[in-house]
Every structure is written in C-alpha cells, then in structure tokens.
Amino acid sequence: SSGINAEYGDPVESKSSIEKPPPIASGSPAPSSDGYDTDLEIEEEKTSYDTTGRQVYVTQCKSMGIIPVSYFLRNMQSSEIQMSHHGLGPKGTKAIALALINNTSVLKLNLSDNALEAEGGQYIANMLRENCYITTLDLGENKLGTSGAKSLGDMLHSNVNLKEVFLSGNSFSDKDIEHFTDVMKDFRLTHFDLSKNCIGEKGGQLLGPAIGANESLEFLNVSWNNLRRRGAIAVAHGLKNNVMLKQLNLAWNGFGDEGAVALGEALRNNTIIQWLDISNNRITAEGAKYLAKGVEGNEGLKHFNVGFNPITPAGACQLLESFGKNSSTVIEHVDISNVRVDEDLWNTLKETKTTLENLKVTHQPYLEGRKKPNPIATLKEWLEHNKHFELVEVFKRFDEEESMEVSKEILFDAFQQAHLPFDKTNMELLIDQMDGENKGAVNYTALLETDQIKWLDECVVRYNSNVAG
C-alpha cells in the first residue's frame, strides 16, 4: 500500500464558487496565461507576491479550461496534500505542478490514482527539480510507464530533499527499473515503494546490486512483482550486502527454493534487517530448511512472514526450532499462515513458546481431539449434487500460460469465484490435498484424462503418502 493515506474531498467546484485571487501588488504585472508549456517555467515576478502558488493555480486552470479542485485550493497552506482518486489527468496535474514550484508549505504530496500517465509524471518531476520542501511523494497507480520512470529517475539524481517515494502500480518493466537502480547508490530516500509493477528476472538482477550499494533506504517494498530465479537470487545477495535496510517486503513474487537458499545466506550475514515478508513465494520445505539455517544465527530479525508458502509442517518446525536454538535472537513475530498444524508442529510451537516467551506465532488452529476435516471428501459429495460442474474448466480458465498447472494462490481465488462450499481454512486444505507433492502449484494433466472423482481420489493418495513420508 502507498505510504500516504488517501483523502477524497470534492474533486471539482464550479467557477462561480472559487475564491477570488489576492490583489496584485502595486507595480506587479498582471498574471498571463501565455507562454506555459511542459517546461513548467514561471517568471519570478509572477509569483513573488504569492508563496502558496494559489494565484498561479487559478490562472493556469483558467488558461487550460479546467475547473480548479476545491480541496487543493483549501489546503495549499497545509503541510499535507492528499488527492488520491481525483481524476486529474495530465492537464490537472500540470496546473498543480506549476502552483507547487514555489510553495513552501506542502511537505507531503499524494496524487495516487489520478491517471497522470507519463506526461503528468514529467510535470511533477520538473516541479521537484525546483521545489525543495516536499519530502514525501506518492504517485502510485498512475500508469507512468517508461517515460514517467525516466523523468522521475532523472529528477532523483538532483533532488536531495525527498525522503519517501511511493510508485506502486505504474507498469514499470525490467527496462524501466534501470532509471531507478542507476541512482539508488546516491539515494537520500529512506522509503521506496515499487510494488505491483512488472519487475521480472532481469529487473531483479539490476535491483540486487543497487540494494547492496545503497546506504540510505530503511524501507523497500517490491512485493507483487515477478522476481524469480537469478533476479530473486540477486535481490537476496543485495540484502546480504546492505547495511541500512530495516524493512523489506518481497511478498507475492516467485523466489522459490533457489531464492530461499540465497535469502538464508543473507539472513545469516545481515544483522540490520528487522522486518522481512516473503509470503506467497512458492517456497517449499526444502527452501524452509535453508531459511532455518539463516535465522539460526541472525541477531536482528524481529518480524518474519513466511505465510502462504507450501513449506509443510516439517518446514515450519525447522524454522521455529532454529529461532529457539538462537540465544541471540530478537524475534517477536513469525507468520506461518496456511501451514497445517499437525501434532509435531503443535508440540514445536509449545516448546518454542517456552524458550521464547514473548514470541507471537500466527498459525492455523490445531484440531486436537476432533475429527480432522477431509475437504476432498466434501467436494466429492458436492460434485455428486452438482453434476454440471467441471473442475477441469476452472483449471483451464485460470491457466493463462497453458502450463498445465495453476499456483495455489491463483487456485484459491478461482475456487472462491466458483463458490465451492468451503471456508478459508478448508479451502486451503483442499488445495494442499490437490498439491500432493508440495510443489506450490496443482498439476491437472491427469484430470484431462480421467473422471474428476477418480482424480480427486488420486490426489488424496499422493497427499497422504507425502504427509506420512
């Protein structure tokens, strides 16, 4: 999520209700709408009387034929402007950027989800080459794209006042990330958000060395990207070498066991990181083994989220046991959501709590003394009464790459949309049973070749065999 809370306010106000601009000082030329283009240049004599930029804003809106935003007019002397979801577009953004060049009041600017596009991003970047007061900027969800990334990257080379920049959901690709990684070693930023973009393996290979070289960032969010294979390993190596980062969000990527090996090594060497989220990364019990080796010697980690990974109860036990063995650990919270709690894991949880009394562990309930649920048996009974329902069609619909397998996370959403009769816990167990080999994805090749009831029975056999092993 973005770092500045959204406030909606009225997006527009009729021209008749706009306050009149302050009187022009004697001898000052009247404001003109001529000569304004994308370079955002404003002559000094036009703004010398107006340190808020209010007069500039009203004049520019009039010249471009747009209605001023009443919220902006009311808050130009505030320290924080929260203008998410106002539908500004490039033209509305240009007027705001011109007004803020000489504004000395606004310290935090949130223009997320305003359809700025690359053009609007350039206006903001140009304004920030002049404005030396704004320290927090949120341009999330604005379709800034390649040109927007270049404009902002160039601006960050010269701006020394920004401390927090949030650029979530702007369709930045591997190539676009280079505009930011080039300047990261010289960043003065403490918070940087690149979540929900399109950073893949090559982008990760650029991002990793930049993370390692950076000496200012304390918070970095690259969740909901496509970091995997060599890109994931590079990011982990960057964490290993970083000496400042305290919070790192890597959730919803594709680190897998290869990335987990590298992360384990990073955790063994990095004592600065305090908060790490690697949930939903297709890490199995094998990967958990290397993470466990990493945390066994870690002296800085306080919050560790490995939830929604197919690490199995055995993998979760290894992690918890490693924290328990570490006499120097400062761990406060471990999240193993979606891991089935069997008797061994339950006992490990109790033992770890004895050793680490203040540790909080987020986990599923232990169903001791109760009949363990069997979601596949429930699904078979439901299918008997809904004979029109074809499981294979659900898999096909959500297998966009036609790889013959669907990740457990996507399958969870698919089954929810199909209104299968399960609560969250039993839906997760159902998918665990289908993923009998703990790969983090369900292969449905055999479902194409056999009856769906028989396929479900085969899933149970594989699952029980794996649990027993």
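About the cut-offs
- Residues numbered from 1 in each chain as written.
- Predicted model: local features only at pLDDT ≥ 70, side-chain atom pairs only at ≥ 80, totals over all residues.
- Heavy atoms only, no water.
- Helix = DSSP H or I, 4+ residues; strand = E, 2+ residues; numbered from the N terminus.
- Buried < 20%, exposed > 50% of the residue type's maximum accessible area, 1.4 Å probe, protein only.
- Contact = heavy atoms within 4.5 Å.
- Areas by Shrake-Rupley, 256 points an atom, 1.4 Å probe, with all protein chains shown as cover.
- Axes fitted to C-alpha atoms, helices over the stretch in contact; angles between N-to-C directions.
- Parallel < 35°, antiparallel > 145°, perpendicular 65-115°, else oblique.
- Expected span 1.5 Å × (residues − 1).
- Lys, Arg positive; Asp, Glu negative; His and termini not counted.
- Salt bridge = Lys/Arg side-chain N within 4 Å of Asp/Glu carboxyl O.
- Polar contact = N/O pair within 3.5 Å; in protein donor to acceptor, adjacent residues only side chain to side chain.
- pLDDT = per-residue confidence, 0-100.
- Left-handed = near helix turned anticlockwise from the far one by under 90°.
- Nonpolar A, V, L, I, M, F, W, Y, C, P; charged D, E, K, R; others polar.
- Phe/Tyr/Trp six-rings, centres within 6.5 Å; stacked < 30°, edge-to-face > 60°.

### Considerations on the overall build of the protein
Helix and strand counts for the protein stand at 19 helices and 13 strands. Looking at the protein as a whole, 52% of its 469 residues qualify as buried. Taking all contacts inside the protein whose residues are at least 6 apart in sequence as the whole, residues at least 24 apart take part in 81%. About 21,300 Å² of surface is accessible on the protein, with carbon and sulfur atoms providing 46% of the total.

### Some remarks on the packing of helix H8 (residues 201-213) against helix H9 (residues 229-241)
Between H8 and H9, the least distance of the axes is 7 Å, while the angle of their chain directions is 5 degrees. One way to sum up the angle between H8 and H9 is to call them roughly parallel. Touching Glu 201, Gly 204, Gln 205, Leu 207, Gly 208, Ile 211 and Gly 212 of H8 are Arg 229, Arg 230, Gly 231, Ala 234, Val 235, Gly 238, Leu 239 and Asn 241, all from H9.

### Digging into helix H4 (residues 89-100)
Helical geometry note: an α-helix holds 3.6 residues per turn, so side chains three or four residues apart project in the same direction. The first and last C-alpha atoms of H4 sit 17 Å apart over twelve residues, in line with the 16 Å expected at 1.5 Å per residue. By the criterion of burial, H4 is predominantly enclosed, with eleven of the twelve residues buried. When H4 is considered as a whole, its buried residues turn out to be Gly 89, Pro 90, Gly 92, Thr 93, Lys 94, Ala 95, Ile 96, Ala 97, Leu 98, Ala 99 and Leu 100. Looking at the buried residues of H4, the elements they touch are helix H2 (54-64), helix H3 (70-75), strand S2 (108-110) and helix H5 (117-128).

### Some remarks on the side chain of Asp 138
Position of Asp 138 among the secondary structure elements: in strand S3 (residues 136-138). Put simply, Asp 138 is tucked away with no salt bridge, and the nearest opposite charge, on Lys 108, sits 11 Å away. In terms of polar contacts, Asp 138 uses its side chain to reach the backbone amide nitrogen of Gly 140, at 2.9 Å.

### Quick notes on the confidence of the model for the protein
Low pLDDT marks stretches whose predicted atomic positions should not be read closely. Residues with a pLDDT of 70 or more make up 87% of the protein, whose mean pLDDT is 87. Under a pLDDT of 50 for its full length, residues 1-39 has, in the predicted model, 69 contacts with residues more than four places off or in other chains. In this model, residues 41-47 is a region of pLDDT below 50 whose contacts with residues beyond four sequence positions or in other chains number twelve contacts.

### Re the packing of H2 against H4
The geometry of H2 relative to H4 is characterised by a closest axis approach of 8 Å and an angle of 150 degrees between their N-to-C directions. By the angle class used here, H2 and H4 are roughly antiparallel. Relative to H4, the crossing made by H2 is right-handed. When H2 is examined against H4, the residues Val 56, Tyr 57, Gln 60, Cys 61 and Met 64 are found in contact with a partner set consisting of Lys 91, Lys 94, Ala 95, Ile 96, Leu 98 and Ala 99. The class makeup of the residues in the contact of H2 with H4 is eight nonpolar, one polar and two charged.

### Here's the deal with the environment of Leu 349
Tracing the backbone shows Leu 349 in helix H13 (residues 343-355). Sequence separation between Leu 349 and Leu 320 is 29 residues; the distance between their C-alpha atoms is 7.3 Å. Filtering out sequence-adjacent residues up to four positions away, Leu 349 remains in contact with Leu 320, Val 341, Val 361 and His 363.

### Thoughts on unusual backbone geometry
Most peptide bonds take the trans configuration, and most residues that are not glycine carry a negative phi. Phi angles above zero are rare outside glycine, and Trp 224 is one such case at about 55 degrees. Residue placement: Trp 224 occurs in the loop between strand S6 (219-221) and H9. Residue classification places Trp 224 among the partly exposed positions, given a relative accessible area of 44%.

### Here we look at the packing of aromatic side chains
One pass over the full model with this rule turns up eleven aromatic pairs. Note on Tyr 57 and Phe 72: the rings are 4.7 Å apart at their centroids and 75 degrees apart in plane angle, and the pair reads as edge-to-face. Here Phe 72 lies in helix H3 and Tyr 57 lies in helix H2, a separation of 15 residues in the sequence. Exposure class is identical for Tyr 57 and Phe 72. Each is buried. Between the aromatic rings of Phe 172 and Phe 180, the centroid separation amounts to 5.5 Å while the plane-to-plane angle is 55 degrees, which identifies the pairing as tilted. Three or more aromatic residues joined by ring pairs form one cluster here, namely Phe 172, Phe 180, Phe 187 and Phe 192.

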